[in-house]
Amino acid sequence: MGRRGLAIIGFAAALSGALAACSPAPKPASDAAPAGKAGSTLATVQKHGYVSCGASQANAGFSLPDDKGYWRGLDIDMCRAVAAAVLGDQDKARFVPLTGQQRLTALQTGEIDLLPRTTTWTMARDANGVNFTFPNYYDYTGFMVRAATGATKPADIKGASVCVQTGSITEVIFADVSWRQKLDLKPVIFDNVSATRQAFFSGRCDALITDASALYSVRATQSKNPDDYVIFAANDEANPLTPAVRHGDDQWFDIVKWVFQAQITAEYLGITSANVDEMLKSEDPAIRRLLGVEAGYGKALGVREDWAYQIIKQVGNYGEVYDRNVGKDSKLKIERGLNRLQRDGGLMVPLPFS
Amino acid sequence: MVWWRDQKFRAIVFQVLAAGAFLSLILWLTGNTAANLAKRGLTVGFDFLGRAARFPISESVLSYSPTDHFWWAYTVGLGNTLFITMIVALTATVLGLMLAILRREDNPLAQGAGTTYVEFFRNTPLVVQLLFWYALVTVGLPSIDAPLNPLPGVYLTERGLYLPALSLNGLDMPVRAKFNFEGGLNLSPEFVAMYLGLSLYAAAFIGEIIRGGLEAVAKGQTEAALALGLAPKQALNLVLIPQALRIIIPPMTSQYINILKNSTLALVVGYPDISFVTATTINQTGQALEGIFILMLVFFTISIATSVAMNLYNSRVALKVR
């Protein structure tokens with residue numbers, strides 16, 4: 001490139017600078033929803049009119065389109081709650097199916113605004129360009145065995161053959177458990193998910209090891225009689241699956257964190273999608289603050305005042321979301337366990353709404 | 001003559017240009033790779049070999065525990081590769097010899113059987129054969145709760161074959177424990193599929209090589225040997241085979257190296273050979289370049305060693321020209 005090329009670049013830079021300087025200041029779109037600063041994720045979302053979220057390719061209970069093509073699942077509802085809070089409509093959300101390898105890159109490059117896709121919060125990921133909000137599901141690694149064996153803990157399956165999928169952290173956990181507890185487990189290793197599961201059901205292995213959420217899903221959808229199988233934890237480690245946002249946008253980070261907080265606080269206060277309208281009349285100051293009857297909290301966050309009301313009305317509190325997608329009202333029937341509120345003995349801690 | 005019309009000069013120019021293009025391609029690839037690795041925050045190096053592997057290996061000739069280092073996991077994988085290659089080479093050679101003899105028989109039934117075998121195994125892909133044997137064991141055999149028990153101490157199940165093993169205290173019989181048979185010798189479905197699949201496939205080729213070698217020796221040689229008064233067996237051992245070996249050995253070298261290379265197909269049935277260990281290592285560490293490099297180096301070394309050994313043997317049986 002010669003001198004002329006450089007001159008053109010210089011001119012273009014000067015021009016764009018001048019244009020940016022005289023562009024009009026952003027006006028609030030409406031009283032209900034203050035507009036975000038230009039260039040921020042909030043502004044982008046408001047401009048597009050939808051929230052763009054990463055989704056799994058197929059993960060029943062967490063993110064999967066139903067037979068009408070409508071996305072459903074615990075992670076999907078996280079995204080819908082953000083849409084309800086920011087845009088007032090839970091359906092103003094779009095889902096991008098991503099593989100495990102694509103997901104973090106898609107978030108970092110701005111292809112998606114939010115990544116609620118069964119992503120474990122690890123230090124390496126946190127340090128490499130994403131911010132994790134709050135865990136919305138605590139998973140663990142589990143064994144599934146036939147109920148007839150009477151096994152209820154790893155020590156009961158000494159000498160058993162276990163179907164393991166290669167290339168996952170499960171493989172390492174399997175080896176650790178077997179070695180630490182001297183269980184002499186015999187691994188039968190496969191390199192694809194469906195072969196691993198088929199081998200377990202055909203009797204090639206006594207046990208199947210993987211994420212407990214996946215085990216529940218497999219048991220519900222692939223076994224002849226789900227009651228013939230039991231699931232128990234392989235170790236005492238919790239695996240926090242956490243929605244993540246990009247580095248460098250504190251406002252958006254805060255919004256997503258408090259959207260989730262609104263859902264667990266609503267459960268804590270007993271507010272459900274069914275009684276939320278009634279609750280608007282409540283005298284309880286905590287409820288009045290959450291539902292925006294007492295103004296100021298939505299504005300502080302940069303969203304509409306009725307943001308939490310919209311989340312609870314359209315998507316529901318955390319308990320409702322859990323039961324509907326993975327809990328007692330779903331096919332998976334996963335016990336609340338670690339995902340109960342702290343009040344009930346779980347790890348979900350509502351932060352003060354004040 | 002004008003210089004660009006000079007053929008010798010043009011040849012040099014073209015060679016320099018070609019070499020330059022090749023070198024710049026290599027440089028460009030190396031530069032790109034380095035830049036991409038740096039962008040993705042990957043570090044290149046073999047430090048990972050000294051870290052604990054942590055993943056399980058389902059069966060191995062050498063002893064292995066997940067607390068061992070990656071370099072030992074590689075060695076264990078290599079041990080499995082060499083083990084399966086050697087027993088397959090041995091079995092396939094014996095089978096191949098039998099096939100060659102069968103196909104040279106005058107009996108049409110024997111000849112037909114040999115031909116059918118060779119054509120069948122040579123004309124279907126090896127991967128398909130491996131998957132077939134694997135499916136035969138895992139789907140065709142009964143569950144461990146109702147095993148096939150043809151002989152005392154021998155059990156055929158979908159989890160493989162359980163056989164009595166020889167030990168210092170005499171026979172070590174497999175005994176049914178809560179989940180599996182304990183003791184004795186267990187041949188896993190993965191091992192059985194690899195062993196049967198590779199052996200039967202290689203035997204078809206080896207049979208043809210041996211038959212070709214025997215048939216290449218002029219018929220007059222046998223006739224002359226018999227005319228000299230040698231017994232048919234002596235004619236075979238002293239005249240026919242020494243001459244046939246000279247023709248057989250070079251293609252046999254390729255065949256043995258093929259068995260070694262084909263053993264990497266263990267990936268499809270899940271037998272933990274060195275390629276399987278490499279794939280897992282790459283998955284766990286992200287060190288893809290180094291993993292593949294080690295794999296290539298190992299195969300290159302063994303193949304060259306096999307070649308050298310077979311060439312030495314060949315020079316011993318070759319026609320001595322003095």
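Residues numbered from 1 in each chain as written. Chains lettered and ligands numbered in written order. Predicted model: local features only at pLDDT ≥ 70, side-chain atom pairs only at ≥ 80, totals over all residues.

A.B. asks: What am I meant to see in the overall build of chain A here?
C.D. replies: A count of helices and strands for chain A gives 14 helices and 13 strands. Taking all 354 residues of chain A together, the buried fraction comes to 43%. Of the contacts made within chain A by residues no fewer than 6 positions apart, 69% connect residues no fewer than 24 positions apart. (Helix = DSSP H or I, 4+ residues; strand = E, 2+ residues; numbered from the N terminus. Buried ≥ 20, exposed ≤ 12 C-beta atoms within 10 Å, placed from the backbone. Contact = placed C-beta atoms within 7 Å.)

A.B. asks: I tried to follow the overall build of chain B on my own but got confused; where do I start?
C.D. replies: A tally of helices and strands in chain B yields ten helices and eight strands. For a compact globule of 322 residues, the expected C-alpha radius of gyration is about 20 Å, and chain B comes in at 26 Å, more than 25% above that figure. Along the longest, intermediate and shortest principal axes, the C-alpha atoms of chain B span 80 × 70 × 35 Å. By residue count, 30% of the 322 residues in chain B fall in the buried class. In chain B, the proportion of contacts linking residues at least 24 apart, taken out of those at least 6 apart, comes to 57%. (Rg over C-alpha atoms; globule rule 2.2 N^0.38 Å.)

A.B. asks: Is there a simple way to think about the confidence of the model for chain A in this case?
C.D. replies: Detailed reading of predicted coordinates is not advised where the pLDDT is low. On average, residues of chain A score 86 in pLDDT, and 89% of them are at 70 or above. The low-confidence segment residues 1-31 of chain A, where pLDDT is below 50, has seven contacts with residues more than four positions distant or belonging to other chains. (pLDDT = per-residue confidence, 0-100.)

A.B. asks: Just checking my understanding: could you explain helix H3 (residues 74-87) of chain A for this structure?
C.D. replies: Residue and element names in this part refer to chain A. Here H3 spans 20 Å end to end across 14 residues, near enough to the 20 Å set by a 1.5 Å rise per residue. Burial within H3 is extensive, with 14 of its 14 residues counted as buried. Taken from the residues just after H3, Gly88 is the one with a positive phi, measuring 80 degrees. (Expected span 1.5 Å × (residues − 1).)

A.B. asks: I tried to follow unusual backbone geometry on my own but got confused; where do I start?
C.D. replies: As a rule of thumb, non-glycine residues mostly have phi less than zero, and peptide bonds are mostly trans rather than cis. All names here are of chain A. Unlike most non-glycine residues, Lys182 shows phi in positive territory, near 50 degrees. Relative to the helices and strands, Lys182 is located in the loop between helix H6 (169-180) and strand S9 (186-190). Lys182 gets classed as exposed once you count the C-beta atoms within 10 Å, which come to 9. A positive phi angle, near 55 degrees, is found at Lys333, a position not held by glycine. Along the polypeptide, Lys333 turns up in the segment after helix H14 (318-325).

A.B. asks: Explain the confidence of the model for chain B here, please?
C.D. replies: Of all residues in chain B, 98% attain a pLDDT of 70 or more, and the chain-wide mean is 89. In the predicted complex, the global pTM is 0.73; the interface-specific ipTM is 0.76.

A.B. asks: For this particular structure, what's the right way to read the interface of chain A and chain B?
C.D. replies: Bring the parts together and some accessible area is lost; that lost area is often taken as the interface size. With 21 residues of chain A in contact, the opposing surface of chain B contributes 20 residues. Among the secondary structure elements, those contributing two or more residues to the side of chain A that touches chain B are strand S8 (161-165), H6 and S9 of chain A. Looking at the side of chain A that touches chain B residue by residue, the class counts come to eleven nonpolar, six polar and four charged. (Nonpolar A, V, L, I, M, F, W, Y, C, P; charged D, E, K, R; others polar.)

A.B. asks: Help me understand the sheet that holds strand S8 (residues 185-187) of chain B in this model?
C.D. replies: For sheets, the rule is that strands pair by backbone hydrogen bonds, running either parallel or antiparallel. Residues and elements named next belong to chain B. With respect to topology, four strands assemble into an open sheet ordered S1-S2-S3-S8, the strand pairing being antiparallel. The open sheet is flanked by strand S1 (148-151) and S8, the only strands paired with a single partner. Strand after strand, the sheet turns through a mean of 20 degrees between neighbouring axes, direction not considered. With three bridges connecting them, strand S2 (residues 154-157) and strand S3 (residues 160-163) associate as antiparallel partners. Within S3, the position partnered with Thr157 by the bridge is Gly160. (Pairing = 2+ DSSP bridges. Axes fitted to C-alpha atoms, helices over the stretch in contact; angles between N-to-C directions.)

A.B. asks: I would appreciate a short explanation of the packing of helix H5 (residues 189-216) of chain B against helix H7 (residues 232-262) of chain B in the present structure.
C.D. replies: Packed helix pairs are characterised by how far apart their axes lie and by the angle those axes make with each other. All names here are of chain B. Interaxial distance between H5 and H7 falls to 8 Å at its minimum, and their mutual angle equals 160 degrees. When the interaxial angle is binned, H5 and H7 end up roughly antiparallel. Here the hand of the crossing between H5 and H7 comes out right-handed. Contact residues: Leu198, Ala202, Phe205, Ile206, Ile209, Ile210, Gly213, Leu214 and Ala216 in H5; Leu240, Ala244, Ile247, Ile248, Pro251, Met252, Gln255, Ile259 and Asn262 in H7. Considered class by class, the residues forming the contact of H5 with H7 number 15 nonpolar, three polar and no charged. (Parallel < 35°, antiparallel > 145°, perpendicular 65-115°, else oblique. Left-handed = near helix turned anticlockwise from the far one by under 90°.)

A.B. asks: Just to check I follow, could you spell out the environment of B:Leu130 for this structure?
C.D. replies: Residue and element names in this part refer to chain B. Positionally, Leu130 belongs in helix H4 (residues 126-140). What makes Leu130 buried here is the crowd of 24 C-beta atoms within 10 Å. When the C-alpha positions of Leu130 and Val269 are compared, they lie 7.2 Å apart, and in sequence the two are 139 residues distant.

A.B. asks: Honestly, the domain arrangement of chain A in this entry has me stumped. Any pointers?
C.D. replies: All names here are of chain A. Split into domains, chain A comes out as domain 1 (41-138 + 241-343) and domain 2 (141-237). Using C-alpha coordinates to define each centre, domain 1 is positioned 31 Å away from domain 2. At the interface, seven residues of domain 1 touch five residues of domain 2. Considering only residue class, the side of domain 1 that touches domain 2 consists of four nonpolar, one polar and two charged. (Domains from an automatic or database assignment.)

A.B. asks: What is the right way to look at the sheet that holds strand S11 (residues 229-233) of chain A in this model?
C.D. replies: Residue and element names in this part refer to chain A. Spatial strand order, S9-S8-S10-S7-S11: five strands in an open sheet with mixed pairing. At either end of the open sheet lies a strand with only one pairing partner, and these are S9 and S11. With strand direction ignored, the average angle separating the axes of adjacent strands in the sheet is 30 degrees. Sheet analysis places strand S7 (residues 141-146) next to strand S10 (residues 207-211), joined by five bridges and oriented antiparallel. Bridging from a neighbouring strand, Phe143 pairs with Ile209 of S10. Strand contacts of helix H8 (residues 212-222): S7, S10 and S11, with the helix running at about 125 degrees to S10, the strand carrying the most contacts.

A.B. asks: Please explain the pairing of S2(B) as it appears in this structure.
C.D. replies: In regular strands, side chains alternate between the two faces of the sheet. All names here are of chain B. Side chains Tyr155 and Thr157 project from S2 onto a buried face, and the interleaved Val154 and Leu156 project onto a face without burial. Taken together, the two bridges between S1 and S2 define a ladder with antiparallel strand orientation. Across the sheet, residue Leu148 finds its bridge partner in S2, namely Leu156. What sits between S1 and S2 in their antiparallel hairpin is a turn of two residues, with Gly153 showing a positive phi close to 85 degrees. Between S2 and S3, which pair antiparallel one after the other, the connecting turn spans two residues.

A.B. asks: Looking at this model, I keep getting lost on the environment of A:Ala106. Mind explaining?
C.D. replies: All names here are of chain A. Examined against the element boundaries, Ala106 turns out to sit in helix H4 (residues 103-108). The exposure class assigned to Ala106 is partly exposed, which follows from the 18 C-beta atoms found within 10 Å. Those residues within four positions of Ala106 in sequence are excluded, and the remaining contacts are Gly54, Val96, Leu98, Glu111 and Ile112.

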